[in-house]
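One letter stands for each residue in the lines below.
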Amino acid sequence: LALARHHLTVGKPAAALASIEEAARLSPEDEAVLTERVAAAKVLYADGSQDGNGLLAQCIERKTEYPASVPDPVCYLLCAEAALQTRQKVLAVIARGAARAAADSLPWAIRPRLLEAEAELLAGRPAEAVAVLRLLRQRAPDDRATLELALTAWRAAGGTTLDAIP
């Protein structure tokens, strides 16, 4: 992964992706590898129709909940992130759809479910976010981002922080 980061910093995203693919072959369900794949995809697809904003624009134009076709499943994550960054409630359905598409392609990954929960919060559906995060906490009980978002969702759903502590 260090080699992949180096390739990214020197402007060689294709070489970075090759290094990341080798790391994924060795450790196929590694969140750190996924994080690097997302970073490489952001550079590789920047300013094109397959970056997060381009995919979001396609969904808006076609009135779909997620992109119909992507070159890499991490592009679903880019789309979900782009939709969430707008903070527009109307785009929460795209963020949720793209996050779910990513989760279907990467069922072991934490990140897609975190994005799905964030989309539920943006849509004003904190109880649904809590449900997603409960399942995720069972799979990744020590994941800090999951715990922090779970507490935020729990409070948004009307619970208190003390209620959330077993």
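All of these numbers come straight from a predicted model, not from anything done at the bench.

Draft legend 1. View of the overall build of the protein chain. Secondary structure summary: the protein chain contains 10 helices and 0 strands in total. In sequence order, the secondary structure elements of the protein chain are arranged as α-α-α-α-α-α-α-α-α-α. In terms of overall dimensions, the protein chain is globule-like: its C-alpha atoms have a radius of gyration of 16 Å, near the 15 Å expected for 166 residues. Dimensions of the protein chain, computed from C-alpha atoms along their principal axes, come out at roughly 50 × 35 × 25 Å. Burial status across the protein chain gives 45% buried among its 166 residues. For the protein chain, the proportion of contacts with a sequence separation of at least 24, taken over those separated by at least 6, is 58%. When the accessible surface of the protein chain is split by element, carbon and sulfur atoms take 54% of a total near 8,800 Å². In the protein chain, 19 positive and 21 negative side-chain charges are present, and the distance between their average locations comes to 3 Å.

Draft legend 2. Structural detail: the packing of aromatic side chains. For the structure on display, the rule yields 1 aromatic pair. For the pair Tyr66 and Tyr76, a centre-to-centre distance of 6.3 Å together with 70° between the ring planes defines the contact as edge-to-face. Here Tyr76 lies in helix H5 (residues 74-85) and Tyr66 lies in the loop between helix H4 (52-62) and H5, a separation of 10 residues in the sequence. Take Tyr66: its relative accessible area is 42%, and that puts it in the partly exposed class. On the basis of relative accessibility, which here comes to 12%, the residue Tyr76 falls in the buried class.

Draft legend 3. The arrangement of the packing of helix H1 (residues 2-9) against helix H2 (residues 13-26) in detail. Following both chains from N to C, one finds H1 and H2 inclined at 170°, their axes separated by 7 Å at the closest point. Here H1 lies roughly antiparallel to H2, going by the angle between them. On H2, the residues touching Leu3, Ala4, His7 and Leu8 of H1 are Pro13, Ala15, Ala16, Ser19 and Ile20. Of the residues belonging to the contact of H1 with H2, the class tally is 7 nonpolar, 2 polar and no charged.

Criteria and cut-off values
Residues numbered from 1 in each chain as written. Predicted model: local features only at pLDDT ≥ 70, side-chain atom pairs only at ≥ 80, totals over all residues. Heavy atoms only, no water. Helix = DSSP H or I, 4+ residues; strand = E, 2+ residues; numbered from the N terminus. Rg over C-alpha atoms; globule rule 2.2 N^0.38 Å. Buried < 20%, exposed > 50% of the residue type's maximum accessible area, 1.4 Å probe, protein only. Contact = heavy atoms within 4.5 Å. Areas by Shrake-Rupley, 256 points an atom, 1.4 Å probe, with all protein chains shown as cover. Lys, Arg positive; Asp, Glu negative; His and termini not counted. Charge placed at Lys NZ, Arg CZ, Asp CG, Glu CD. Phe/Tyr/Trp six-rings, centres within 6.5 Å; stacked < 30°, edge-to-face > 60°. Axes fitted to C-alpha atoms, helices over the stretch in contact; angles between N-to-C directions. Parallel < 35°, antiparallel > 145°, perpendicular 65-115°, else oblique. Nonpolar A, V, L, I, M, F, W, Y, C, P; charged D, E, K, R; others polar.

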